[in-house]
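Listed below are the residues making up each chain.
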Amino acid sequence: MRAVYWLLVGVAIAIGGLANGFDKLTETTVSCGHEQMSRGDRCQEIGSSVQVRSYAEQRSANQNEGLVSLVVGFVAAVGCLIFLVIVISQYLESRRRT
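I will try to describe carefully the structure that is included in this document. As the structure is a prediction and not an experimental result, all values here were calculated from the model.

What counts and how
- Residues numbered from 1 in each chain as written.
- Predicted model: local features only at pLDDT ≥ 70, side-chain atom pairs only at ≥ 80, totals over all residues.
- Heavy atoms only, no water.
- Salt bridge = Lys/Arg side-chain N within 4 Å of Asp/Glu carboxyl O.
- Helix = DSSP H or I, 4+ residues; strand = E, 2+ residues; numbered from the N terminus.
- Buried < 20%, exposed > 50% of the residue type's maximum accessible area, 1.4 Å probe, protein only.

## With respect to the pattern of salt bridges
Under the definition given, this model contains four salt bridges. With a shortest N-O distance of 3.5 Å, K24 and E65 are connected by a salt bridge. Of the two residues, K24 sits in helix α1 (residues 2-26) while E65 sits in helix α2 (residues 55-97), which places them 41 residues apart along the sequence. Residue classification places K24 among the buried positions, given a relative accessible area of 17%. Taking the shortest distance from any N to any O, the salt bridge between E93 and R97 comes out at 3.5 Å. You can see E93 and its partner R97 sitting in helix α2, four residues apart, about one turn around the helix. Residue E93 is classed as partly exposed on the basis of its relative accessible area, which comes to 29%.

The values reported here are purely geometric and, on their own, carry no functional implication.
Okay, here's the thing in structure tokens:
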């Protein structure tokens, strides 16, 4: 039962990562936080340091974020498939022994 739980968690991460990555890579607008940017706008992010990005730099940052999310989703999907194969093979092996 624990294996099914982890498989569902992995599938949720994979689907979320793939959907978010695809959305970020194909989005036609540039956003800074939750606000849409226009050409000439500056995006200011305040964290441990203050970063100010131009429209083009923010577009590139959004696309990079989408690419990372897509890769994480893909890795999670492949991991889930491998895990599923292992669980099924162990189940079939245990049934064969009885």
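Still more ground to cover, so stick around.
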